[in-house]
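# A closer look at the structure
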Amino acid sequence: MKYICEICGYTYDPAEGDATKDIAAGTKFEDLPADWVCPVCGVGKDQFKPAE
Amino acid sequence: MKAVKITDKVYWVGAIDWNIRDFHGYSTKQGTTYNAFLILSEKPTLIDTVKKEFYPEMMARIQSVIDPKKIKIIISNHSEMDHSGALPETVAAIQPEEVYCSDMGHIDLTEQLYPNFDMKVVKTGDRIDVGGDTVSFVEARMLHWPDSMFSYLEKENILFTNDVFGMHYATGKLFDDENNEIDWLYEAEKYYANIVLPYSDIVLRFLDSVKKMGLSPKIIAPDHGFIWRKDPAKIIDLYAKWAAQAPNNKAVVVYDTMWGSTQKMAEYVADGLREGGTEVKLMSMHSCHRSDVVTELLDSSALVIGSPVLNSEIFPAMADVLCYLKGLKKKNLVGAAFGSYGWNPAPIKSLEEKLKAMKVEQVAPTVTSKFVPNADTLEACRQMGLTISQKIAEKLK
(Lines give C-alpha, C1' and ligand atoms only; values in the text may rest on other atoms or scores of the structure.)
Protein backbone atom coordinates (compact mmCIF):
# COMPACT_ATOMS: atom_id res chain seq x y z
CA MET A 1 0.00 0.00 0.00
CA LYS A 2 1.09 3.55 -0.74
CA TYR A 3 1.53 5.98 2.14
CA ILE A 4 1.20 9.78 2.01
CA CYS A 5 3.17 12.27 4.07
CA GLU A 6 0.67 14.48 5.88
CA ILE A 7 3.16 17.35 6.06
CA CYS A 8 4.28 17.77 2.45
CA GLY A 9 2.14 15.39 0.42
CA TYR A 10 4.98 13.05 -0.72
CA THR A 11 3.72 9.57 -1.59
CA TYR A 12 5.77 6.53 -0.62
CA ASP A 13 5.19 3.91 -3.29
CA PRO A 14 6.52 0.46 -2.31
CA ALA A 15 6.83 -0.38 -6.01
CA GLU A 16 9.47 2.36 -6.30
CA GLY A 17 11.12 2.34 -2.87
CA ASP A 18 13.22 5.38 -1.99
CA ALA A 19 16.41 5.64 -4.02
CA THR A 20 17.60 8.65 -1.98
CA LYS A 21 17.96 6.37 1.06
CA ASP A 22 18.88 3.11 -0.72
CA ILE A 23 15.47 1.60 -0.07
CA ALA A 24 14.94 -1.08 -2.70
CA ALA A 25 11.87 -1.23 -4.90
CA GLY A 26 9.37 -3.63 -3.40
CA THR A 27 9.98 -2.55 0.22
CA LYS A 28 6.70 -2.23 2.10
CA PHE A 29 6.12 0.93 4.15
CA GLU A 30 5.90 -1.21 7.29
CA ASP A 31 9.36 -2.62 6.56
CA LEU A 32 11.08 0.76 6.22
CA PRO A 33 13.63 1.30 9.02
CA ALA A 34 12.27 3.11 12.08
CA ASP A 35 14.61 6.03 11.43
CA TRP A 36 13.53 6.44 7.80
CA VAL A 37 12.32 9.98 7.11
CA CYS A 38 10.32 11.58 4.32
CA PRO A 39 12.76 12.33 1.47
CA VAL A 40 11.04 15.66 0.78
CA CYS A 41 10.31 17.23 4.15
CA GLY A 42 12.26 15.10 6.60
CA VAL A 43 9.47 14.04 9.00
CA GLY A 44 9.29 10.53 10.50
CA LYS A 45 7.09 7.55 9.59
CA ASP A 46 4.51 8.56 12.19
CA GLN A 47 3.52 11.50 9.98
CA PHE A 48 2.41 9.19 7.15
CA LYS A 49 -1.06 7.84 6.57
CA PRO A 50 -2.21 5.10 4.20
CA ALA A 51 -3.27 6.37 0.76
CA GLU A 52 -6.96 5.84 0.14
CA MET B 1 20.08 53.37 -2.04
CA LYS B 2 22.14 52.69 1.06
CA ALA B 3 22.83 49.58 3.08
CA VAL B 4 21.59 49.60 6.69
CA LYS B 5 24.09 48.75 9.40
CA ILE B 6 23.08 45.92 11.74
CA THR B 7 26.49 45.51 13.40
CA ASP B 8 29.97 46.74 12.43
CA LYS B 9 30.31 43.63 10.26
CA VAL B 10 26.79 42.96 9.03
CA TYR B 11 24.54 45.06 6.81
CA TRP B 12 20.99 44.81 5.52
CA VAL B 13 21.08 45.06 1.72
CA GLY B 14 17.52 44.05 0.85
CA ALA B 15 14.64 45.80 -0.86
CA ILE B 16 11.41 47.41 0.30
CA ASP B 17 8.31 46.56 -1.71
CA TRP B 18 5.91 49.30 -0.64
CA ASN B 19 3.34 48.51 -3.31
CA ILE B 20 2.64 44.78 -3.22
CA ARG B 21 -0.92 44.08 -2.06
CA ASP B 22 -1.38 40.46 -3.18
CA PHE B 23 1.32 37.97 -2.28
CA HIS B 24 0.22 34.75 -4.02
CA GLY B 25 -3.31 35.18 -2.71
CA TYR B 26 -2.35 36.61 0.69
CA SER B 27 -3.38 40.26 1.06
CA THR B 28 -0.39 42.35 2.07
CA LYS B 29 -1.95 45.66 3.01
CA GLN B 30 1.33 46.97 4.38
CA GLY B 31 3.59 45.78 1.56
CA THR B 32 6.70 43.79 2.44
CA THR B 33 10.48 43.72 2.42
CA TYR B 34 12.82 41.19 0.86
CA ASN B 35 15.77 41.03 3.21
CA ALA B 36 19.27 40.18 2.07
CA PHE B 37 22.29 40.42 4.36
CA LEU B 38 25.92 41.21 3.71
CA ILE B 39 28.65 39.98 6.05
CA LEU B 40 31.80 42.08 5.71
CA SER B 41 34.19 39.33 6.73
CA GLU B 42 37.50 38.58 5.01
CA LYS B 43 35.46 36.54 2.55
CA PRO B 44 32.48 38.85 2.14
CA THR B 45 29.28 36.81 2.24
CA LEU B 46 25.78 37.51 0.98
CA ILE B 47 22.84 35.74 2.63
CA ASP B 48 19.84 35.40 0.32
CA THR B 49 18.92 37.81 -2.45
CA VAL B 50 15.63 39.50 -3.36
CA LYS B 51 12.73 39.18 -5.77
CA LYS B 52 14.02 39.39 -9.32
CA GLU B 53 12.79 42.89 -10.15
CA PHE B 54 14.44 44.31 -7.02
CA TYR B 55 17.93 43.24 -8.10
CA PRO B 56 19.05 46.83 -8.88
CA GLU B 57 17.95 48.00 -5.42
CA MET B 58 19.88 45.21 -3.69
CA MET B 59 23.00 45.82 -5.79
CA ALA B 60 22.88 49.56 -5.11
CA ARG B 61 22.72 48.90 -1.37
CA ILE B 62 25.64 46.46 -1.59
CA GLN B 63 27.58 48.98 -3.66
CA SER B 64 27.13 51.58 -0.90
CA VAL B 65 29.42 49.56 1.41
CA ILE B 66 31.54 47.30 -0.81
CA ASP B 67 32.35 46.60 -4.44
CA PRO B 68 29.91 43.71 -5.13
CA LYS B 69 32.64 41.83 -7.02
CA LYS B 70 34.45 41.36 -3.70
CA ILE B 71 31.69 39.05 -2.42
CA LYS B 72 33.15 35.55 -2.23
CA ILE B 73 30.27 33.52 -0.82
CA ILE B 74 26.50 33.47 -1.35
CA ILE B 75 24.24 31.47 0.95
CA SER B 76 20.67 30.62 -0.05
CA ASN B 77 18.57 29.98 3.06
CA HIS B 78 15.37 29.74 1.06
CA SER B 79 14.77 29.01 -2.60
CA GLU B 80 11.38 30.71 -2.96
CA MET B 81 11.62 33.26 -5.74
CA ASP B 82 11.13 36.33 -3.56
CA HIS B 83 14.58 35.45 -2.14
CA SER B 84 16.21 33.63 -5.04
CA GLY B 85 14.76 35.40 -8.07
CA ALA B 86 17.74 37.74 -8.23
CA LEU B 87 20.25 34.95 -7.54
CA PRO B 88 21.22 34.07 -11.14
CA GLU B 89 21.82 37.71 -12.02
CA THR B 90 23.71 38.26 -8.77
CA VAL B 91 25.96 35.25 -9.37
CA ALA B 92 26.60 36.37 -12.94
CA ALA B 93 27.60 39.86 -11.79
CA ILE B 94 29.62 38.86 -8.72
CA GLN B 95 31.15 35.53 -9.76
CA PRO B 96 31.42 34.28 -6.15
CA GLU B 97 33.71 31.40 -5.23
CA GLU B 98 30.89 29.40 -3.65
CA VAL B 99 27.10 29.29 -3.49
CA TYR B 100 25.77 27.26 -0.56
CA CYS B 101 22.29 25.79 -0.02
CA SER B 102 20.59 22.81 1.64
CA ASP B 103 20.18 19.51 -0.22
CA MET B 104 16.51 20.25 -0.90
CA GLY B 105 17.57 23.79 -1.77
CA HIS B 106 19.77 22.34 -4.50
CA ILE B 107 16.77 20.56 -6.00
CA ASP B 108 14.34 23.43 -5.51
CA LEU B 109 16.69 26.13 -6.83
CA THR B 110 17.52 23.98 -9.84
CA GLU B 111 13.86 23.41 -10.67
CA GLN B 112 12.95 27.08 -10.32
CA LEU B 113 15.95 28.93 -11.72
CA TYR B 114 17.67 26.42 -14.05
CA PRO B 115 20.95 27.94 -12.86
CA ASN B 116 24.13 27.77 -14.90
CA PHE B 117 26.34 27.86 -11.78
CA ASP B 118 27.34 25.24 -9.22
CA MET B 119 25.88 25.08 -5.74
CA LYS B 120 27.38 23.33 -2.74
CA VAL B 121 25.10 21.42 -0.39
CA VAL B 122 25.44 21.94 3.38
CA LYS B 123 23.73 20.03 6.17
CA THR B 124 22.83 20.71 9.78
CA GLY B 125 26.05 21.12 11.77
CA ASP B 126 28.21 22.02 8.78
CA ARG B 127 30.34 25.11 9.31
CA ILE B 128 32.11 27.32 6.78
CA ASP B 129 34.91 29.77 7.37
CA VAL B 130 34.00 33.20 6.05
CA GLY B 131 37.34 34.74 7.14
CA GLY B 132 37.33 36.03 10.71
CA ASP B 133 34.02 34.42 11.52
CA THR B 134 32.19 31.16 10.92
CA VAL B 135 28.74 30.44 9.53
CA SER B 136 27.06 27.25 10.74
CA PHE B 137 23.89 25.78 9.27
CA VAL B 138 20.67 24.35 10.63
CA GLU B 139 18.26 22.77 8.18
CA ALA B 140 14.69 23.85 8.89
CA ARG B 141 12.73 21.55 6.64
CA MET B 142 9.13 22.65 6.08
CA LEU B 143 9.73 25.91 7.90
CA HIS B 144 8.21 26.65 5.60
CA TRP B 145 9.52 24.83 2.49
CA PRO B 146 11.52 21.60 2.19
CA ASP B 147 14.68 23.61 1.42
CA SER B 148 14.38 26.10 4.29
CA MET B 149 17.58 26.61 6.26
CA PHE B 150 18.91 28.82 9.04
CA SER B 151 22.44 30.25 8.94
CA TYR B 152 24.16 31.29 12.14
CA LEU B 153 27.03 33.78 12.20
CA GLU B 154 28.85 32.57 15.26
CA LYS B 155 30.99 35.44 16.58
CA GLU B 156 28.42 38.10 15.79
CA ASN B 157 25.74 35.83 17.28
CA ILE B 158 23.22 36.51 14.51
CA LEU B 159 20.74 33.91 13.33
CA PHE B 160 19.46 34.33 9.76
CA THR B 161 16.14 32.49 9.73
CA ASN B 162 14.78 32.66 6.15
CA ASP B 163 11.01 33.35 6.25
CA VAL B 164 10.59 32.16 9.84
CA PHE B 165 9.99 35.02 12.32
CA GLY B 166 9.27 37.40 9.44
CA MET B 167 6.20 39.33 8.38
CA HIS B 168 4.92 41.20 5.35
CA TYR B 169 5.51 44.70 6.63
CA ALA B 170 7.16 47.38 4.52
CA THR B 171 9.04 49.74 6.75
CA GLY B 172 12.01 52.03 6.52
CA LYS B 173 12.60 51.27 10.21
CA LEU B 174 14.40 47.99 9.97
CA PHE B 175 14.65 47.06 13.66
CA ASP B 176 12.14 45.85 16.23
CA ASP B 177 12.92 48.71 18.63
CA GLU B 178 12.03 51.27 15.95
CA ASN B 179 8.55 49.86 15.32
CA ASN B 180 5.46 49.86 17.54
CA GLU B 181 3.93 46.53 18.48
CA ILE B 182 0.46 47.93 17.84
CA ASP B 183 1.48 48.44 14.20
CA TRP B 184 3.15 45.09 13.54
CA LEU B 185 1.56 42.46 15.78
CA TYR B 186 -1.35 41.76 13.43
CA GLU B 187 1.07 41.42 10.49
CA ALA B 188 3.22 38.96 12.45
CA GLU B 189 0.14 36.91 13.37
CA LYS B 190 -1.04 37.07 9.79
CA TYR B 191 2.29 35.80 8.51
CA TYR B 192 2.27 32.88 10.92
CA ALA B 193 -1.37 32.01 10.11
CA ASN B 194 -0.93 32.16 6.34
CA ILE B 195 2.55 30.71 5.95
CA VAL B 196 3.66 28.70 8.98
CA LEU B 197 0.45 27.41 10.61
CA PRO B 198 0.28 23.99 8.88
CA TYR B 199 3.76 23.22 10.20
CA SER B 200 3.06 24.10 13.82
CA ASP B 201 4.15 20.69 15.15
CA ILE B 202 7.45 21.11 13.33
CA VAL B 203 7.80 24.62 14.80
CA LEU B 204 7.47 23.24 18.34
CA ARG B 205 10.00 20.46 17.74
CA PHE B 206 12.37 22.83 15.96
CA LEU B 207 12.27 25.49 18.69
CA ASP B 208 13.04 22.75 21.20
CA SER B 209 15.96 21.40 19.17
CA VAL B 210 17.42 24.89 18.66
CA LYS B 211 17.27 25.43 22.41
CA LYS B 212 19.08 22.12 22.96
CA MET B 213 21.80 23.20 20.53
CA GLY B 214 22.47 26.05 22.95
CA LEU B 215 21.79 28.74 20.36
CA SER B 216 20.88 32.00 21.99
CA PRO B 217 21.15 34.56 19.20
CA LYS B 218 21.55 38.22 20.04
CA ILE B 219 19.95 39.15 16.74
CA ILE B 220 17.37 37.33 14.63
CA ALA B 221 17.32 38.35 10.99
CA PRO B 222 14.39 37.00 8.95
CA ASP B 223 13.82 37.41 5.21
CA HIS B 224 10.74 39.69 5.54
CA GLY B 225 9.89 42.63 7.78
CA PHE B 226 12.26 43.98 10.40
CA ILE B 227 15.22 42.57 12.31
CA TRP B 228 14.91 41.51 15.95
CA ARG B 229 17.81 43.03 17.87
CA LYS B 230 16.28 44.40 21.08
CA ASP B 231 14.10 41.47 22.02
CA PRO B 232 14.53 38.41 19.78
CA ALA B 233 12.86 36.25 22.46
CA LYS B 234 9.64 38.15 21.77
CA ILE B 235 9.03 36.58 18.37
CA ILE B 236 10.26 33.14 19.52
CA ASP B 237 7.75 33.23 22.40
CA LEU B 238 4.99 34.32 20.02
CA TYR B 239 5.81 31.38 17.72
CA ALA B 240 5.65 28.97 20.66
CA LYS B 241 2.25 30.39 21.59
CA TRP B 242 0.81 30.32 18.06
CA ALA B 243 2.16 26.84 17.36
CA ALA B 244 0.59 25.43 20.54
CA GLN B 245 -2.92 26.45 19.30
CA ALA B 246 -4.29 26.35 22.83
CA PRO B 247 -8.05 26.80 23.33
CA ASN B 248 -9.25 30.40 23.50
CA ASN B 249 -12.71 31.82 24.01
CA LYS B 250 -13.05 33.20 20.50
CA ALA B 251 -14.99 32.13 17.41
CA VAL B 252 -14.95 33.06 13.72
CA VAL B 253 -18.21 33.04 11.78
CA VAL B 254 -17.45 33.17 8.08
CA TYR B 255 -20.21 33.41 5.49
CA ASP B 256 -21.38 34.90 2.26
CA THR B 257 -24.83 35.95 1.22
CA MET B 258 -26.91 36.64 -1.92
CA TRP B 259 -30.10 38.35 -0.72
CA GLY B 260 -29.25 38.81 2.95
CA SER B 261 -30.77 35.59 4.36
CA THR B 262 -27.51 33.80 5.20
CA GLN B 263 -26.18 37.10 6.55
CA LYS B 264 -29.15 37.37 8.92
CA MET B 265 -28.51 33.80 10.10
CA ALA B 266 -24.82 34.60 10.59
CA GLU B 267 -25.69 37.62 12.71
CA TYR B 268 -27.88 35.48 14.99
CA VAL B 269 -25.17 32.80 15.30
CA ALA B 270 -22.70 35.54 16.20
CA ASP B 271 -25.10 37.03 18.70
CA GLY B 272 -25.58 33.64 20.37
CA LEU B 273 -21.81 33.34 20.70
CA ARG B 274 -21.60 36.86 22.12
CA GLU B 275 -24.40 36.09 24.56
CA GLY B 276 -22.51 32.96 25.63
CA GLY B 277 -19.50 35.10 26.46
CA THR B 278 -17.38 34.24 23.43
CA GLU B 279 -15.45 36.85 21.48
CA VAL B 280 -16.73 36.62 17.93
CA LYS B 281 -15.50 37.79 14.54
CA LEU B 282 -18.25 37.90 11.94
CA MET B 283 -16.59 37.82 8.54
CA SER B 284 -18.43 38.24 5.26
CA MET B 285 -16.51 37.06 2.23
CA HIS B 286 -17.87 40.12 0.44
CA SER B 287 -15.85 42.29 2.82
CA CYS B 288 -13.02 40.15 4.16
CA HIS B 289 -10.02 38.53 2.58
CA ARG B 290 -9.30 34.83 3.06
CA SER B 291 -5.90 35.65 4.55
CA ASP B 292 -7.57 37.76 7.26
CA VAL B 293 -10.06 34.99 8.03
CA VAL B 294 -7.25 32.55 8.87
CA THR B 295 -5.49 35.26 10.87
CA GLU B 296 -8.57 35.68 13.07
CA LEU B 297 -8.87 31.89 13.27
CA LEU B 298 -5.32 31.55 14.61
CA ASP B 299 -6.35 32.31 18.20
CA SER B 300 -9.91 30.97 17.90
CA SER B 301 -11.48 27.73 19.06
CA ALA B 302 -14.49 27.66 16.76
CA LEU B 303 -15.17 28.01 13.05
CA VAL B 304 -18.79 28.44 11.97
CA ILE B 305 -19.48 28.48 8.25
CA GLY B 306 -22.50 29.77 6.36
CA SER B 307 -23.29 29.68 2.66
CA PRO B 308 -26.18 30.36 0.37
CA VAL B 309 -26.84 27.97 -2.52
CA LEU B 310 -26.09 29.05 -6.08
CA ASN B 311 -26.89 26.70 -8.97
CA SER B 312 -26.91 23.71 -6.59
CA GLU B 313 -23.42 24.51 -5.27
CA ILE B 314 -22.14 26.37 -2.26
CA PHE B 315 -21.32 30.01 -2.96
CA PRO B 316 -17.98 30.34 -4.85
CA ALA B 317 -16.44 32.74 -2.33
CA MET B 318 -17.14 30.17 0.41
CA ALA B 319 -15.55 27.38 -1.63
CA ASP B 320 -12.50 29.64 -1.92
CA VAL B 321 -12.08 30.33 1.78
CA LEU B 322 -12.85 26.74 2.81
CA CYS B 323 -10.24 25.40 0.38
CA TYR B 324 -7.73 27.90 1.77
CA LEU B 325 -8.49 27.11 5.41
CA LYS B 326 -8.31 23.35 4.82
CA GLY B 327 -4.76 23.68 3.56
CA LEU B 328 -3.69 25.72 6.57
CA LYS B 329 -4.80 22.98 9.00
CA LYS B 330 -5.79 24.97 12.07
CA LYS B 331 -6.19 22.49 14.92
CA ASN B 332 -8.50 22.16 17.94
CA LEU B 333 -11.62 23.66 16.38
CA VAL B 334 -15.27 23.03 17.05
CA GLY B 335 -17.87 24.35 14.65
CA ALA B 336 -21.12 24.13 12.77
CA ALA B 337 -22.74 25.12 9.47
CA PHE B 338 -25.77 27.05 8.28
CA GLY B 339 -27.21 28.64 5.17
CA SER B 340 -30.18 29.70 3.13
CA TYR B 341 -31.44 28.06 -0.08
CA GLY B 342 -34.26 28.47 -2.55
CA TRP B 343 -35.03 24.91 -3.63
CA ASN B 344 -31.99 22.65 -3.06
CA PRO B 345 -30.66 22.36 0.52
CA ALA B 346 -28.08 19.65 -0.29
CA PRO B 347 -25.11 22.04 -0.75
CA ILE B 348 -25.61 23.40 2.77
CA LYS B 349 -25.57 19.86 4.18
CA SER B 350 -22.36 19.34 2.20
CA LEU B 351 -20.72 21.94 4.46
CA GLU B 352 -20.68 19.23 7.14
CA GLU B 353 -18.28 17.25 4.96
CA LYS B 354 -16.14 20.36 4.58
CA LEU B 355 -15.95 20.72 8.36
CA LYS B 356 -15.03 17.06 8.69
CA ALA B 357 -12.31 17.39 6.06
CA MET B 358 -10.88 20.30 8.05
CA LYS B 359 -11.03 18.17 11.23
CA VAL B 360 -13.46 20.63 12.80
CA GLU B 361 -15.66 18.86 15.35
CA GLN B 362 -19.28 19.65 14.53
CA VAL B 363 -20.99 20.39 17.83
CA ALA B 364 -24.37 21.76 16.72
CA PRO B 365 -26.83 20.60 14.07
CA THR B 366 -26.75 22.34 10.69
CA VAL B 367 -29.40 25.03 10.33
CA THR B 368 -30.94 25.61 6.92
CA SER B 369 -33.49 28.16 5.83
CA LYS B 370 -35.72 27.91 2.76
CA PHE B 371 -35.43 31.46 1.41
CA VAL B 372 -35.67 34.13 4.15
CA PRO B 373 -35.22 32.79 7.73
CA ASN B 374 -38.27 33.01 9.97
CA ALA B 375 -38.19 33.64 13.72
CA ASP B 376 -37.78 29.92 14.56
CA THR B 377 -34.82 29.57 12.23
CA LEU B 378 -33.14 32.65 13.65
CA GLU B 379 -33.67 31.28 17.15
CA ALA B 380 -32.03 28.01 16.02
CA CYS B 381 -29.08 30.08 14.80
CA ARG B 382 -28.85 31.87 18.15
CA GLN B 383 -28.95 28.48 19.90
CA MET B 384 -26.14 27.29 17.61
CA GLY B 385 -24.02 30.18 18.84
CA LEU B 386 -24.84 29.44 22.49
CA THR B 387 -24.08 25.73 22.08
CA ILE B 388 -20.70 26.49 20.52
CA SER B 389 -19.93 28.90 23.36
CA GLN B 390 -20.66 26.15 25.88
CA LYS B 391 -18.42 23.70 24.01
CA ILE B 392 -15.57 26.21 24.03
CA ALA B 393 -16.12 26.78 27.75
CA GLU B 394 -15.81 23.01 28.34
CA LYS B 395 -12.51 22.99 26.46
CA LEU B 396 -11.23 25.86 28.56
CA LYS B 397 -11.94 24.06 31.85
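This text goes with the structure placed above it.
Because the structure is predicted, anything quoted here is derived from the model rather than measured.

## Description of the overall build of chain A
Scanning chain A from N- to C-terminus turns up zero helices and three strands. Secondary structure elements in chain A, listed N-terminal to C-terminal, are β-β-β. For chain A, whose C-alpha radius of gyration is 10 Å, the value lies close to the compact-globule estimate of 10 Å for 52 residues. Dimensions of chain A along its principal axes, counting C-alpha atoms only, are 25 × 20 × 15 Å. Each of the 52 residues in chain A was classed as buried or not, and the buried ones make up 40%. When contacts within chain A are restricted to residue pairs at least 6 apart in sequence, long-range pairs at least 24 apart make up 40% of them. Only carbon and sulfur atoms are counted for the fraction: they give 51% of the accessible area of chain A, which is about 3000 Å².

## Remarks on the interface of chain A and chain B
Between chain A and chain B, the residue contacts involve 10 residues of the former and nine residues of the latter. Summed over both partners, the interface of chain A with chain B buries about 670 Å², with 50% contributed by carbon and sulfur atoms. Together, Ile7(A), Val40(A) and Cys41(A) form the three largest contributors to the area buried by chain A at its contact with chain B, with a combined 54%. In this structure, the connection of chain A to chain B is made through zero salt bridges. For the pair chain A and chain B, the interface holds three residue pairs in polar contact (both at pLDDT 80 or more). The class makeup of the residues in the side of chain A that touches chain B is seven nonpolar, two polar and one charged.

## Thoughts on the pairing of strand E19 (residues 302-306) of chain B
Remark: a regular strand shows side chains that alternate across the two faces of the sheet. Within E19(B), five of the five residues are buried, leaving the element largely enclosed by the surrounding structure. Taking every second residue as pointing to the same face, both faces of E19(B) are buried, with Ala302(B), Val304(B) and Gly306(B) on one and Leu303(B) and Ile305(B) on the other.

## Describing the nonpolar core
Here is a general trend for soluble globular proteins: nonpolar side chains tend to be buried in one another's company. Residues and elements named next belong to chain B. One finds Tyr 239 and Leu 303 to be the most contacted residues of the largest nonpolar core, which totals 104 residues. Lining this core are residues from two domains, each supplying at least three of them: domain 1 (4-244) and domain 2 (250-389). If you look at the next biggest cluster of nonpolar residues, it comprises 25 residues, including Ile 16, Ile 39, Ile 47 and Phe 160.

## Some points on helix H1 (residues 55-63) of chain B
All of the buried residues in H1(B) are Tyr55(B), Glu57(B), Met58(B), Met59(B), Arg61(B) and Ile62(B). Residues of H1(B) that are buried sit in contact with strand E2 (10-12), strand E3 (15-17), strand E7 (37-39), strand E8 (45-47) and helix H3 (87-94) of chain B.

Reading the values: the criteria
- Residues numbered from 1 in each chain as written.
- Chains lettered and ligands numbered in written order.
- Predicted model: local features only at pLDDT ≥ 70, side-chain atom pairs only at ≥ 80, totals over all residues.
- Heavy atoms only, no water.
- Helix = DSSP H or I, 4+ residues; strand = E, 2+ residues; numbered from the N terminus.
- Rg over C-alpha atoms; globule rule 2.2 N^0.38 Å.
- Buried < 20%, exposed > 50% of the residue type's maximum accessible area, 1.4 Å probe, protein only.
- Contact = heavy atoms within 4.5 Å.
- Areas by Shrake-Rupley, 256 points an atom, 1.4 Å probe, with all protein chains shown as cover.
- Buried area = accessible area lost by both parts, 1.4 Å probe.
- Salt bridge = Lys/Arg side-chain N within 4 Å of Asp/Glu carboxyl O.
- Polar contact = N/O pair within 3.5 Å; in protein donor to acceptor, adjacent residues only side chain to side chain.
- Nonpolar A, V, L, I, M, F, W, Y, C, P; charged D, E, K, R; others polar.
- Core = buried A, V, L, I, M, F, W, Y, C linked by side-chain atoms within 4.5 Å.
- Domains from an automatic or database assignment.

Just distances and angles here, no functional claims.
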